Amino acid sequence: MPAGGSSLFSGFRVLGLYSNHVPHALRYHLKHREFYVVTAVGRSFHTFNVNRLGIVAVSNCLPDDIACMAADRMLVFAACGRLVSAFARNKEVVMRYHGHEQEVRLLLPLGDQLISADSGGDVIVWDVHSGDVYLRLHFDPATFDVSAMMHPSTYLNKVLLGSSQGALQLWNIKTSKLLFTFAGWSAGVTVLQQSPAVDVVGVGTATGRIIIHNIRLDETLMSFMQDWGPITSLAFRTDGPPIVASGSPQGHIAFWDLERRQLITQHRHAHRTAIAGATFLHGEPLLVTNGADNAIKVWIFDQEGGGARLLRSRQGHSAPPTTIRHHGNDGKNILSAGQDGTLQSFSTVHERFNKSLGHGSVNKKKEKKKKKGLTYEELRLPAITAFSSAVTRQSDWDGIVACHRDRLASTTWNYQRCTMGAHHLQPPGSRMDAIATAVEITSCGNFAVIGSSCGRVDIYNLQSGLHRGCYGNNEKAHNGVVRGIATDTLNQLTLTTGSDWLLKFWRFKTRKLEEELKLSAAPASMKLHRESGMLALALDDFTLAVVDIETRRVVRRFAGHHGNINDMTFSPDGRWLVTVAMDCTLRTWDLPSGSLVDCFLVAMAPVGVSMSPTGDFLATAHVDSLGIYLWTNKSLCGPVGLRPLPADYQPAVETLPGVTAEETEQEVTSEEEEDDDDAYQSAEQLGAELVTLSLLPESRWKSLLHLDEIKKRNKPVAPPAAPAAAPFFLPTVPGLTPHFATPAQTEQEMQLFPACQSKVLNWGVLSQRSEFICALESALNTGSFDQPLHLLKDCGPAALSVELTSLAPEGGGAKELLLAFIQMIDSMLAGGRDFDLAHAYLALFLKLHLRSLSQDTVAMEALLRLSSRLEMGWAELRASFDQSLCLLSYTKSALL
């Protein structure tokens, strides 16, 4: 039977992806006055602001993984395979450059040109805007394999190419001429970097040598030797001190003083993997680095002696996570243990709430002498295989207990302090070849129950770390490996299962065996839903068994997976059981009906799953993926029809969710694209049936009916004093808008034009017809009242009162203007726009002219029609308000 994807879950976003092995690109936005760092993550790239390292943009996906990146003031360039793409607004592909026959591995923007080099020896200069090939150069990879590119500062149309054979070539890309060839230093060039000084460049080699070379004189000024292998990145400090930073494949960073020509400081293990890129911010003592360990770090140089410290960072797992669990009852934090040995917490709300609990280490107090000659890696504990957490007493003592690969001792962790705890929980007198395999913290947060491969199940006090006993006769609970442990809500029962096919029920306090249940196959893992008392067991024959711990009987059996079941989780109400397996499926089982209600495939096999305590998100971890993927629960957003799926159901593939930019962050765009006319603008009226309010402040319309009181309150105590002396007065023409009068006529002009000496003034001189009245008269002919309404919006309360007063005949207006104003209010109510202004203007209009309007039959008929429209509008609004208030009252008072 064909399938149509998941009907219960929808991909939302992925957490914990920040960087890979591709060097980052740095951009400066002139209008924002802020630096942005662009990092590649698989087939897309992310843009972070350096000030907070908050993600502001996520690009669209490319067909393949990004191999190299570069950026200029306007665009971000990314290459995948033989294709080069240009992105605008850090998101959309606006240009594609086709022409390479091999994989592109280097990009260099240079003004209106883009230079790209591939592994086959082709170097192409593109016109950025048209996408045409401006110049094509070909090099023989056997003699000159291009490995680095750089544009020397102030060298117009020049590009410096470095090769893996060691030689350097300076080319003019406009004339297509080779200007000079540098012999090199008998080592492959890995990095080329411009120094703050003109003509001086930094060259990093594959042997670890750093050369500061003057390309104008072809003279080596100085050189340094790095002992950690090839130079992966170079960066020159530009805020004053002559410092150059070099990266290494081991994750170390060295800082060299160019004046004293010596190493001044070094940061070991700045990254867990090779330093992919390092860049100093221009004019600031900040260094931005990224690496393949999925981390972006910003270092600040404010230490004595020129040293740097970590200012801020964003980092996820450097190796795929294996176990994930929600921490807390709000469902906002996810604890994740990865193959890199770290324990981290990811927030589903915002990245600034992420926490890294670090990497476990051996007990330094007890083994100080033994560790004296150990290396950095030998001091670290292996990866976590299982852990359990509780929030009940986490503010008093450690609330997380973890088991490590090939170790018997379990470690404690403190979530609030983000550190490893002080206790190593190891059973006394146990076999040294045994390892801890399962762990559970009681609901009260006081005890930890740990199972081992030798069959022991021990209980510890988390506050003191002391051993409080073990289960079973002869200190052995099972005759095989303990595969799962669970405790009930009231600490009455302890449930254990092992490779001996047995599920055992123990009394928690007395540690005596009450009952055991024989399973149909060896269990692989176990999960208890404490509120409902349902215990799910994943068996080695790819089936599931659900046991009721009250009746202690198997109540449900499920079959359908075709691979090892890696993990499982319950919904908060205990109705659904979600399982993931190596067959790349996520299956949701409905316990009341005993049927499969949802199933879908993913591209990578899921290894961990956890549902939020609030039921809104499902989190999954996958093979060979560093992120944690979130899926939304559709049943919380609307009705979802869940039906039992048939046995021959063929699930469809669901695409894994991608990264989304945080809504609280400001999206960064190119400087010239901010004023783009294509920017989205919201419609003035979303629907004809809706009522839309104006965007004017309340002070512009709320006080219209109280202008008399405001004038009386603001009346000055004393009359204004006349100025002592005024040089001259400029006569003005009467009217609402003052205009200067024309200059007085001279005697000669009066003789030529005696008619102008008349003392009788024309009526047009005395009339005070404002721009609003003129617009209102023209609106009577056109039928559109947008222009007079726009003029009224620009008026303040006092000017608005003057305008409405002048509509009456005694104010210089006419009866036609009064009727025109009534028609304007009627059109505003009919369109549903500016609902608040229509009522405020109408109230002031009636206050000023109701006496004169009552004597005009035509005006009264217009007002009656307007009154009926007002009553209809308020009736619809009142019905909507009453319905909303009724629903709100029911929600507040109903017992759900």
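Residues numbered from 1 in each chain as written. Predicted model: local features only at pLDDT ≥ 70, side-chain atom pairs only at ≥ 80, totals over all residues. Heavy atoms only, no water.

Would you mind going over the overall build of the protein with me for this structure?
Looking only at helices and strands, one finds 9 helices and 58 strands in the protein. Taken across its 896 residues, the protein has 49% of its residues classed as buried. Taking as baseline every contact in the protein between residues at least 6 positions apart, the subset at least 24 positions apart corresponds to 47%. A total of about 44,100 Å² of accessible surface is found on the protein, and carbon and sulfur atoms cover 53% of it. (Helix = DSSP H or I, 4+ residues; strand = E, 2+ residues; numbered from the N terminus. Buried < 20%, exposed > 50% of the residue type's maximum accessible area, 1.4 Å probe, protein only. Contact = heavy atoms within 4.5 Å. Areas by Shrake-Rupley, 256 points an atom, 1.4 Å probe, with all protein chains shown as cover.)

Help me understand the confidence of the model for the protein in this model?
One rule of thumb: low pLDDT means the predicted coordinates there are not for detailed reading. In this model, the protein carries an average pLDDT of 87, and 90% of its residues clear a pLDDT of 70 or more. Within the protein, no element has a lower average pLDDT than helix α3 (residues 763-766), which sits at 46, and none a higher one than strand β19 (residues 200-205), at 97. Note on residues 751-759: pLDDT is under 50 here. Beyond four places in sequence and across chains, it has 2 contacts. Taken together, the stretch residues 761-765 has pLDDT below 50 and engages in 1 contact with residues farther than four places along the chain or on a different chain. (pLDDT = per-residue confidence, 0-100.)

Just to check I follow, could you spell out the side chain of Thr-588 for this structure?
One can find Thr-588 in strand β52 (residues 585-590). The residues touching Thr-588, leaving out its near neighbours within four places in the chain, are Leu-8, Phe-9, Trp-576, Leu-577, Val-578, Ser-595, Leu-596, Val-597 and Asp-598.

What am I meant to see in a nonpolar patch on the surface here?
Side chains of Trp-874, Phe-881 and Leu-885 sit close together on the surface and give an oily, nonpolar patch of about 330 Å² of accessible area. Following the sequence through the fold, Leu-885 ends up in helix α9 (residues 857-893). (Patch = residues over 30% accessible without salt bridge, like charges linked within 9 Å, V, L, I, M, F, W, Y side chains within 5 Å. Salt bridge = Lys/Arg side-chain N within 4 Å of Asp/Glu carboxyl O.)

Hey, could you run me through the packing of aromatic side chains in this one?
Two measures describe an aromatic ring pair: the distance that separates the ring centres and the angle between the ring planes. If you walk through the whole model with that rule in mind, you get 17 aromatic pairs. Each member of the aromatic cluster is reached from another via a ring pair, and the members are Phe-139, Phe-144 and Trp-171. (Phe/Tyr/Trp six-rings, centres within 6.5 Å; stacked < 30°, edge-to-face > 60°.)

Looking at this structure, how should I read the sheet that holds strand β30 (residues 321-327)?
Note: strands within a sheet are paired through backbone hydrogen bonds, in either parallel or antiparallel orientation. If you trace the 4 strands from one edge of the open sheet to the other, you get β30-β31-β32-β33, paired in antiparallel fashion. Two strands lie at the open edges of the sheet, namely β30 and β33 (355-359), each paired on one side alone. Averaged over all adjacent pairs, the angle separating strand axes in this sheet is 20 degrees, with direction ignored. In this sheet, strand β31 (residues 333-338) lies alongside β30 in antiparallel orientation, the contact comprising 6 bridges. Bridging across to β31, Ile-324 finds its partner in Ser-336. (Pairing = 2+ DSSP bridges. Axes fitted to C-alpha atoms, helices over the stretch in contact; angles between N-to-C directions.)

Explain α9 to me, please; I cannot follow it from the model alone.
Since the α-helix packs 3.6 residues into each turn, any two residues three or four apart lie on the same face. Helix length check: α9 (37 residues) gives 53 Å between terminal C-alpha atoms against 54 Å at 1.5 Å per residue, within 8%. Every buried residue of α9 is listed here: Ala-859, Ala-862, Leu-863, Leu-866 and Leu-877. Residues of α9 that are buried sit in contact with α7 (815-831) and α8 (835-853). Its side-chain oxygen at 3.2 Å from the backbone nitrogen of Val-858, Asp-856 defines the N-terminal cap of α9. (Expected span 1.5 Å × (residues − 1). Polar contact = N/O pair within 3.5 Å; in protein donor to acceptor, adjacent residues only side chain to side chain.)

So what exactly am I meant to see when it comes to the pairing of strand β48 (residues 543-548) here?
Counting buried positions along β48 gives 6 out of 6 residues, so the element sits mostly inside the fold. The side-chain alternation of β48 yields two buried faces, one formed by Thr-543, Ala-545 and Val-547 and the other by Leu-544, Val-546 and Asp-548. Note that strand β47 (residues 534-539) and β48 share 5 bridges and pair antiparallel. Directly across from Ala-536, in β48, lies its bridge partner Val-546. The turn linking β47 back onto β48 is made up of 3 residues, and Phe-542 within it adopts a positive phi angle of 70 degrees. Strand direction decides the pairing type here: β48 and strand β49 (residues 553-559), joined by 6 bridges, are antiparallel. Directly across from Val-546, in β49, lies its bridge partner Arg-556. The turn linking β48 back onto β49 is made up of 4 residues, and Arg-552 within it adopts a positive phi angle of 60 degrees.

I'm lost on unusual backbone geometry in this one. Help?
Generally, phi is negative for residues other than glycine and the peptide bonds are trans, each holding for most cases. The phi dihedral of Arg-261 falls on the positive side, at around 55 degrees, and the residue is not glycine. Note that Arg-261 resides in the loop between β24 (253-257) and β25 (262-267).

I tried to follow the packing of helix α6 (residues 797-805) against α8 on my own but got confused; where do I start?
Helices that pack against each other are described as a pair by the angle of their axes relative to one another and the distance between those axes. Look at α6 against α8: their axes get within 10 Å of each other, and the N-to-C directions meet at 50 degrees. Considered as vectors, α6 and α8 are oriented oblique to each other. Considering the relative orientation of α6 and α8, their crossing is right-handed. Contacts between α6 and α8 pair Leu-800, Ser-801, Leu-804 and Thr-805 from the former with Tyr-841, Leu-844, Phe-845, Leu-848 and His-849 from the latter. Tallied by class, residues from the contact of α6 with α8 come to 6 nonpolar, 3 polar and no charged. (Parallel < 35°, antiparallel > 145°, perpendicular 65-115°, else oblique. Left-handed = near helix turned anticlockwise from the far one by under 90°. Nonpolar A, V, L, I, M, F, W, Y, C, P; charged D, E, K, R; others polar.)

I'm lost on the nonpolar core in this one. Help?
Within soluble globular proteins, side chains that are nonpolar generally end up buried alongside one another. Within the largest apolar cluster, 36 residues are counted, with the highest numbers of intra-cluster contacts made by Leu-776, Leu-807, Phe-821, Ile-825 and Tyr-841. Elements with a minimum of two residues in this core: α4 (771-782), α5 (786-794), α6, α7, α8 and α9. The residues touching Phe-821, leaving out its near neighbours within four places in the chain, are Phe-772, Leu-776, Leu-792, Leu-804, Leu-807, Tyr-841 and Phe-845. Of all hydrophobic cores here, the second largest spans 18 residues; its members include Leu-106, Val-123, Phe-139 and Val-146. (Core = buried A, V, L, I, M, F, W, Y, C linked by side-chain atoms within 4.5 Å.)

I'm lost on the environment of Arg-309 in this one. Help?
Here Arg-309 is to be found in strand β29 (residues 309-315). Given a relative accessible area of 34%, Arg-309 falls into the partly exposed group. Residues Arg-309 and Leu-287, spaced 22 residues apart in sequence, show a C-alpha to C-alpha distance of 10.0 Å. Contact partners of Arg-309, with chain neighbours within four places excluded, come to His-267, Val-298, Trp-299, Ile-300, Asp-302 and Gln-303.

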